[in-house]
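Read off the chains here:
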Amino acid sequence: MNSSQDDGRSKPLSPETTLVTAGRDTKAQKGFVNPPVVHGSTVLYPTADDLHAHRGEFQYGRRGTPTTRALQAALMALEGPQCAGVGIAPSGLAAISTTLLAVLKSGDHLLVCDNAYRPTRNFCNGLLARYGVETSFFDPLIGAGIAQLFKPNTRAVVVEAPGSQSFEMPDIPAIASVAHTRDVLVIDDNTWATPLYHRSLEQGVDISMQAATKYIGGHSDIMFGTISANAKAWPIIAETIQLLGVCAGPDDVFLALRGLRTLSVRLAQHHRSGLEMARWLATRPEVIRVLHPALESDPGHAIWKRDFSGASGLFSIVLKPAPQKAVDALLDAVKLFGMGYSWGGFESLVIPFDCDGYRTATKWAPGGPTLRLHIGLESVEDLKADLERGFAAFNATLSLSS
Ligand SMILES: *Cc1c(COP(=O)(O)O)cnc(C)c1O
């Protein structure tokens, strides 16, 4: 069995089946289900002629191994027929920086949605600015109105749907159709939904990247990034990966592939539990708003419903106005929700956040302190009880201070 496309059946396999079958070359793996973890730099050539011609399935460890090839084949099959290649990077942020260095040059202009991952902004405002690339940030809800922001030298647009703190939902097909009339590339940070729930390349995105650190790895034990590109963008991505020397360690490549095999069951559970927690939180008197695009009441719901086939377990809540010490009392009272960055693993997490300090195109004024929750694979009843403990501490601190 090889990839999901060439098994001779007429009906294409479903994404769930593709996740299990793609990238498996049982014969090359000497019968084993999984590829070996190839730790390797040097590849030996049998003859001088082969050496001169760089002839051989693999040339050098940095350029690919049986382990990386298995992961790339699996991700390509998952992304669908628009995907011309998948690059791998040592972190999600490295996938973003490699992508931007690939498509931009000095004198170019870049548009980035205002809800983008903060280190993406830092890369644009820091290194890209130093190299003569100008970045403008735009309202994530701008839609086709982005046409007004294009300059003659605009080369690319970066979108994130939804933003991983504030959860606004950009209209990617509308932005992409405007961008493509001007030969501007569209880059999507698709970490929240993964290619399983958001087929970004089918929706006009040219380059879709993943912090595979999150749901693809799925166990909070790797740093990893992937870059999926269509036929138009893949040559420059592939060349830049070679020029920069971007690669990842074989153990992390293997763990990313292992995570991919169970992505559909994990993500389905994150979706179910996340939505149940979001609905419950919406009924809590301490919560004035839940920012989750799969909730019918969310302003991004129509776009989510049209463009996504599922939701992950990451969303935010806005608490009623309260002093920081009440919020801190909540954070200190919860036990199952760990306080820490990242998400996409099996465990629940909570962090306070505030976008107000860095957003530039839009004002962030949610009306109260904000918390981002990652709903892990614990029982929702236990998670509700944990948050009830947190709310009790929040309320006790509030009544003391009033
Ligand atoms: C975590 C994250 C990244 C960066 O991934 P790392 O592997 O931590 O470098 C990029 N984009 C989003 C939306 C993320 O949440």
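Because the structure is a prediction, the values reported are computed rather than measured. (Residues numbered from 1 in each chain as written. Predicted model: local features only at pLDDT ≥ 70, side-chain atom pairs only at ≥ 80, totals over all residues. Heavy atoms only, no water.)

Moving on, we get to the site of the ligand. Taken together, 13 residues are adjacent to the ligand, and G92, L93, D189, T213 and K214 come closest. G92 places a main-chain nitrogen or oxygen 2.8 Å from an oxygen atom of the ligand. Relative to its free-state accessible area of 380 Å², the ligand is covered by the protein chains to the extent of 92%. The pocket occupied by the ligand, as judged from atoms lying within 2 Å of grid points, is the largest pocket. Element by element, the count of residues in the shell around the ligand is highest for helix α4 (residues 92-103), at 3 residues. Of the residues in the shell around the ligand, the class split is 6 nonpolar, 4 polar and 3 charged. (Near = heavy atom within 4 Å. Polar contact = N/O pair within 3.5 Å; in protein donor to acceptor, adjacent residues only side chain to side chain. Areas by Shrake-Rupley, 256 points an atom, 1.4 Å probe, with all protein chains shown as cover. 1 Å grid on protein atoms, 1.4 Å probe; cavity = no way out; pocket = protein on both sides within 12 Å on 5 of 7 lines; lining within 4 Å. Sits in = over half its atoms within 2 Å of the grid points. Helix = DSSP H or I, 4+ residues; strand = E, 2+ residues; numbered from the N terminus. Nonpolar A, V, L, I, M, F, W, Y, C, P; charged D, E, K, R; others polar.)

Before going further, it helps to spend a moment on unusual backbone geometry. Here the bond from A161 into P162 is cis, since omega is -15°, no more than 30 degrees from zero. Secondary-structure assignment places P162 in the loop between β4 (154-160) and α6 (172-181). Its identity as a non-glycine residue notwithstanding, F167 has a phi of 65°, on the positive side. With respect to the helices and strands, the residue F167 is situated in the loop between β4 and α6. Overall, F167 belongs to the buried group, its relative accessible area being 2%. Backbone geometry places T194, a non-glycine residue, at a positive phi of 65°. Tracing the backbone shows T194 in helix α7 (residues 194-197). We classify T194 as buried; its relative accessible area is 0%. (Buried < 20%, exposed > 50% of the residue type's maximum accessible area, 1.4 Å probe, protein only.)

To continue, consider the UniProt feature "modified residue: N6-(pyridoxal phosphate)lysine" (unreviewed entry) in the protein chain. UniProt's feature table lists "modified residue: N6-(pyridoxal phosphate)lysine" (unreviewed entry) at K214, given in the numbering used throughout. For K214, the position within the fold is in the loop between β6 (207-211) and β7 (225-229). (UniProt positions renumbered as here; feature names shortened; annotations may be inferred.)

Turning next to the packing of helix α12 (residues 324-333) against helix α13 (residues 380-401). For the pair α12 and α13, the least separation of the axes is 7 Å and the interaxial angle reads 150°. Considered as vectors, α12 and α13 are oriented roughly antiparallel to each other. Pair α12 / α13 crosses with right-handed handedness. On the side of α12, the interface is formed by K325, A326, V327, A329, L330 and A333, while α13 contributes R389, G390, F391, A393, F394, T397, L398 and S401. (Axes fitted to C-alpha atoms, helices over the stretch in contact; angles between N-to-C directions. Parallel < 35°, antiparallel > 145°, perpendicular 65-115°, else oblique. Left-handed = near helix turned anticlockwise from the far one by under 90°. Contact = heavy atoms within 4.5 Å.)

Right, let's talk about the side chain of E160 for a bit. Residue placement: E160 occurs in strand β4. Among buried Asp, Glu, Lys and Arg side chains, E160 stands out as unpaired, with R372 the closest opposite charge at 7.7 Å. At 2.7 Å, the side chain of E160 forms a polar contact with the backbone nitrogen of Y117. Engagement of the side chain of E160 in a polar contact is seen with the backbone nitrogen of S164, the distance being 3.4 Å. Ignoring any residue separated from it by four or fewer positions in sequence, one finds E160 in contact with C113, N115, A116, Y117, E168, P170, D188 and D189. (Lys, Arg positive; Asp, Glu negative; His and termini not counted. Salt bridge = Lys/Arg side-chain N within 4 Å of Asp/Glu carboxyl O.)

To continue, consider the sheet that holds β4. Taking strand neighbours across the sheet as the criterion, the 7 strands line up as β1-β7-β6-β5-β4-β2-β3 in an open arrangement whose pairing is mixed. The open sheet is flanked by β1 (85-89) and β3 (134-138), the only strands paired with a single partner. Looking at each pair of strands side by side, their axes are set apart by 20° on average, direction ignored. Here 5 bridges tie β4 to strand β5 (residues 185-189), and the two strands are oriented parallel to one another. By the bridge assignment, E160 is partnered in β5 with D189. Running at roughly 130° to β1, helix α3 (residues 66-79) makes contact with β1, β6 and β7 of the sheet. (Pairing = 2+ DSSP bridges.)

With that out of the way, let us pick up the nonpolar core. Proteins that are soluble and globular tend to have nonpolar side chains buried together. By size, the foremost hydrophobic cluster in this structure holds 115 residues, and its most contacted members are L100, L110, L260 and L281. A per-element tally of this core places helix α10 (residues 263-282) first, with 7 residues. Counting the residues that make up this core, at least three belong to each of domain 1 (15-261) and domain 2 (264-401). When neighbours within four sequence positions are excluded, L100 is seen to be in contact with L110, F123, C124, L128, V158 and I187. (Core = buried A, V, L, I, M, F, W, Y, C linked by side-chain atoms within 4.5 Å. Domains from an automatic or database assignment.)

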